[in-house]
Each structure stands twice: as C-alpha cells, then as structure tokens.
Amino acid sequence: MLLAILASACAPAAASTPEKIVQTVVVAGTPQVKEVVVTPTSDPNAPTPAPVGAITINGAGATFPYPLYSRWFYDYAFVDTAVKFNYQSIGSGGGIQQITAKTVDFGASDAILSDEQLAAAPNLQMFPSVAGAEALIVNLKGDDGNPITATLKFPYTSVADIFLGKITKWNDPVLTAANPDVKLPNKDIIVVHRSDGSGTTFIFTDYLSKVSSEWKDTVGNGPSVKWPVGLGGKGNEGVAGTVGQNDGAIGYVELAYAVQNKYTLNQLQNKAGNYVTPSPESTQAAMSDFGTEMGDKLAISIVDAPGKDSFPIAGYTYLLLYMNQTDCVKAQKLVDFVKWAHSDAGDKDAQALQYVPLPKAVTDQVLAKLDQITCNGQPLSR
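Here goes a summary of the coordinates provided.

Basis of the calculations
- Residues numbered from 1 in each chain as written.
- Predicted model: local features only at pLDDT ≥ 70, side-chain atom pairs only at ≥ 80, totals over all residues.
- Heavy atoms only, no water.
- Axes fitted to C-alpha atoms, helices over the stretch in contact; angles between N-to-C directions.
- Helix = DSSP H or I, 4+ residues; strand = E, 2+ residues; numbered from the N terminus.
- Left-handed = near helix turned anticlockwise from the far one by under 90°.
- Contact = heavy atoms within 4.5 Å.
- Nonpolar A, V, L, I, M, F, W, Y, C, P; charged D, E, K, R; others polar.
- Buried < 20%, exposed > 50% of the residue type's maximum accessible area, 1.4 Å probe, protein only.
- Lys, Arg positive; Asp, Glu negative; His and termini not counted.
- Salt bridge = Lys/Arg side-chain N within 4 Å of Asp/Glu carboxyl O.
- Polar contact = N/O pair within 3.5 Å; in protein donor to acceptor, adjacent residues only side chain to side chain.
- Parallel < 35°, antiparallel > 145°, perpendicular 65-115°, else oblique.
- Phe/Tyr/Trp six-rings, centres within 6.5 Å; stacked < 30°, edge-to-face > 60°.
- Lys NZ or Arg CZ within 6 Å of the ring centre and 35° of its normal.
- Pairing = 2+ DSSP bridges.
- Right-handed = clockwise from strand over helix to strand, strands pointing away.
- Core = buried A, V, L, I, M, F, W, Y, C linked by side-chain atoms within 4.5 Å.
- Disulfide = S-S within 2.5 Å.

### Here we look at the packing of helix α2 (residues 66-76) against helix α13 (residues 344-352)
Move 1: Where α2 contacts α13, the two axes come as close as 10 Å, and the packing angle between them is 145 degrees. Relative to α13, α2 is oriented so that their crossing is right-handed. Between α2, through Leu68, Arg71, Trp72 and Asp75, and α13, the contact on the second element is made entirely by Gly346, Asp349, Ala350 and Ala352.
Move 2: Counted by class, the contact of α2 with α13 contains four nonpolar, one polar and three charged residues.

Spelled out as structure tokens, the structure:
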C-alpha cells in the first residue's frame, strides 16, 4: 500500500493514455495487420496532440516497393502518431491512374512517367525513394522428381528468347551450355509475367528491349505489353505464387519477394559478360554506372548497366506527389514523412529488406524539390 501511495505521488499530473495504432506490416512475405500500443511522452507545455490516426493519407500504386513502404508506415507511426497511411498495392498502372484522377494523396510507380502522362497530370512530380533489383525466379524439378535448387545461369539474350517463346525447353543447348553442372530436364518452360499494369514490368521490358532488338521491335517496353507467351499473375505476389504452383515455371519479381519466398537467386549475364546475382551491392553498382544526375523528372533508367559487377535488371521506384497541394495539413505531413524516409532510420529499413537507399547526391535533389512543394500557391511552413 505504501508503494502504491508513493507511486501515485510521483506520477505526472497529466499522465499520457496509451493509444492504439493499427498498421500493416510485412512478416515473412505476408502483409499482416498488427495493433501497436504507443504511449506518448507528456509535456505540460506542448500543444494538445491530434488523436492517433486522425489524419489519413491515402496512396496507391507499385507492388515493387510494397514490403518497404509497409515497414516505413509502421515505423513512422512511432514518429508521428497523428498520421495513418492507407496504401493500396495495386501496381504502378493503377497508382498512376489514381493520382492522375486525384483520388489518392500520393501515387507510387516503378515506371518512368511519359511526357503524355505528366501532361495529363499538371504539376505531378516523380520522387525516387529507393532502388532495387528484379530476380528471375524458377520452380523446376529434375528428372528424378526432386527440386533443382542450384543457382542457374542465364546468358545475355536468353531471358528475352525465353519470354519471346524461342527457347521453350529447360534443356535447350543455350541453357545447358551455361549450366554444365546442372542436369536440366527435357521439360517445357512455363513463362509467368504480370497481368496488371506494372512498374516491375516496365523495368523488366526495358531490360529485354536493351538486350534484344527483336523484343524491342516486336513487343517493346511499358507497364503493360502484349506478351508473346505465358501465364499472368497479379502483382509481384501473384507472379511469385504462380511460379510456385507450376513445375517448369520462370518469372520475374522484385528481389524482396524472391528472398521472402525463399527462391534461389539465379544469375544473369550482364553487358560486361559476367554472371551476377541480384543483390543490394550489384544494384548499387548499376546505380553508380549511370551517375546521379536525375534531370527534371528526377528519374532515370539503370537497366543493362555496363559495369562488370552490375546486375542488369535494376531500377528506381518513385513516389508521385503534386507540387501544389490543396490540403495544407496533409501536405505538410506527407513532406515530413518523405524526408523521414530518406533519413538514417528510413535507410536502415530499406537495407533490411534488400532495397538500396539513394546516393546522397540524389537525396539532395529529392529534398530540394520537396522544399518547393506549395499549398494553394503558398509555401508550406517548414
């Protein structure tokens, strides 16, 4: 009883009440809803804080960065308890459509917006958030019925020829020559690609167009293309799942999805002739090959990089924000979040999930552009 009296006497006059935040977080590759209890620190001189989650910021778009964005939104709840993010991972095409229609507060895309898309959304600006690699994932059993888990090597133009339907068997001479230590079966290759408008597809088809003139001339590059062969899966999740359900399947996903789903990380032959594994380090090498000058769009392609250590299927992913906002409170909160995402805390999350933070020179360009965002024509309060 005495301890209880002493504790009561020592307690702050205005103790904080624990608040609950509901956030989505990726655990082992699966988005899960978690309830987190946060107790803010009392400060009698501070203004009354907004209720937890009182400001909802809606976004939609790319699945490529979804594991990271989910982690960011979860961690940022401890930085600003007044904000709740609602992000729809629907693909870059859907994100571009929704931000153009202004039905969300921000969009997300791995695809570089065309001049026509930017003209349809005046004052829309691309902001690179991180870079990442795309992994070529395979589900293949040998003649003995056991899964082949060895790392496979894919020669320079072979991936384009597979997705063109020119290489149709796993024991094709091009593949067996590159993999002499693996007994590849006489089995059909099942191609799996995205069925939705996708920035992941934009990066992948940009790569195929660079390594194969036939692909460039007959299929081309974009978030959606007319695939010559294959099955479609919605989102990176859908491609990973479809590959896993079909023996003989091959598909492309963002590196985090390959790691979380425990796929073997296969090697691609790059422009320099070396076989390279997708990783943050080989993505960083590709970024370095193309420099840090991003131009007015703040967007560049980094596929088919020339460096000997560079992975050939890599790209930046982008947040899409209007430079002149109409809701000043949301605008300030959104800018504050993006700045936090480029802090040491945000970079730490990116590295933990196989993404690559921006080089300082690119971050400086992003922060300078963020400081130019206005609300109803007036500068935001900084």
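### Points about the side chain of aspartate 304
Move 1: Locating aspartate 304 in the fold gives a position in the loop between α11 (280-290) and β13 (314-322).
Move 2: For the buried aspartate 304, which has no salt bridge, the nearest side chain bearing the opposite charge is lysine 271, at an N-O separation of 4.1 Å.
Move 3: In this structure the side chain of aspartate 304 is engaged in a polar contact, spanning 3.0 Å, whose partner is the side chain of tyrosine 156.
Move 4: Discounting chain neighbours no more than four positions away, the residues touching aspartate 304 are Tyr156, Lys210, Val211, Lys271, Phe290 and Pro312.

### A look at the packing of α2 against helix α12 (residues 328-341)
Move 1: Where α2 meets α12, the closest approach of the two axes is 11 Å, and the angle between their N-to-C directions is 110 degrees. On the basis of the axis angle, α2 is roughly perpendicular to α12. Read as a crossing pair, α2 and α12 show a hand that is right-handed. Residues Trp72, Phe73, Asp75 and Tyr76 of α2 touch α12, and the partners they reach there are Lys333, Asp336, Phe337, Trp340 and Ala341.

### Focus on the pattern of salt bridges
Move 1: Taken as a whole, this structure holds 14 salt bridges when the rule is applied.
Move 2: Of the charged contacts, one joins lysine 166 and aspartate 161 as a salt bridge, the two residues approaching to 3.9 Å between their closest N and O atoms.
Move 3: Note that lysine 169 is salt-bridged to aspartate 188, the shortest N-O span being 2.6 Å. Taken as a pair, lysine 169 in the loop between α5 (158-164) and α6 (173-178) and aspartate 188 in the loop between α6 and β8 (190-194) lie far apart in primary sequence, 19 residues in all.
Move 4: If you follow the salt bridges from partner to partner, you end up with Asp161, Lys166 and Glu214 in one network.

### Focus on the packing of aromatic side chains
Move 1: Tallying each qualifying case throughout the model produces 27 aromatic pairs.
Move 2: These aromatic residues form a ring-pair network of at least three members: Tyr66, Tyr69, Trp72, Phe73, Tyr76, Phe85, Tyr87, Phe106, Phe337 and Trp340.
Move 3: If you follow lysine 102 out to its NZ or CZ, it ends over the ring of tyrosine 322, 4.8 Å from the centre.
Move 4: Between lysine 153 and the ring centre of tyrosine 275, over which it is positioned, the NZ or CZ distance is 5.4 Å.

### Describing the sheet that holds strand β16 (residues 374-375)
Note on sheets: strands pair through backbone hydrogen bonds, and any given pair is parallel or antiparallel.
Move 1: Taken in spatial order, the three strands make up an open sheet running β14-β16-β17, and their pairing is mixed. In the strand order of this sheet, the two ends are held by β14 (324-325) and β17 (378-379), each with one partner.
Move 2: Sheet topology note: the β16/β17 ladder contains two bridges and is antiparallel. Within β17, the residue paired with cysteine 375 across the bridge is glutamine 378.

### Let's talk about the pairing of strand β3 (residues 55-61)
Move 1: Most of β3 sits inside the fold, with five of its seven residues counted as buried.
Move 2: As paired elements, β3 and strand β4 (residues 83-89) share seven bridges and run parallel to each other. Residue pairing across strands places isoleucine 55 opposite valine 83, the latter belonging to β4.
Move 3: In the classification by handedness, the crossover that spans β3, the intervening α2 and the parallel β4 is right-handed.
Move 4: For β3 and strand β5 (residues 106-109), the ladder comprises three bridges, and the chain directions are parallel. Bridge assignment links glycine 59 to a residue of β5, and that residue is phenylalanine 106.

### Describing the sheet that holds strand β12 (residues 275-276)
Move 1: Strand order across the open sheet formed by three strands is β7-β11-β12, with mixed pairing between neighbours. Among the strands making up the open sheet, the edge pair consists of β7 (153-154) and β12.
Move 2: Two elements, strand β11 (residues 267-269) and β12, share two bridges in a ladder whose sense is antiparallel. Bridge pairing links glutamine 269 to tyrosine 275 in β12.

### Points about the nonpolar core
What tends to happen in soluble globular proteins is that the nonpolar side chains get buried as a cluster.
Move 1: Ranked by size, the top nonpolar core spans 111 residues in total, and within it Phe154, Phe163 and Tyr316 carry the most contacts.
Move 2: Here the element with the most residues in this core is strand β6 (residues 124-139); it accounts for 10 residues.
Move 3: Dropping the residues within four chain positions of it, phenylalanine 154 is found in contact with Leu136, Val138, Val159, Ile162, Trp170, Leu175, Ile250, Asn266, Gln267, Leu268, Gln269 and Tyr275.

### Some thoughts on the state of the cysteines
Move 1: In total, this model carries one disulfide according to the counting rule given.
Move 2: For cysteine 328, the disulfide goes to cysteine 375, at an S-S distance of 2.1 Å. Residues cysteine 328 and cysteine 375 share a disulfide whose torsion about the S-S bond is about -90 degrees; that sign makes it left-handed. Within this pair, whereas cysteine 328 is found in helix α12, its partner cysteine 375 is found in strand β16, the two being separated by 47 residues in sequence.
Move 3: Residue cysteine 328 is classed as partly exposed on the basis of its relative accessible area, which comes to 38%.
Move 4: Classification of cysteine 375 by relative accessible area gives buried; the value is 3%.

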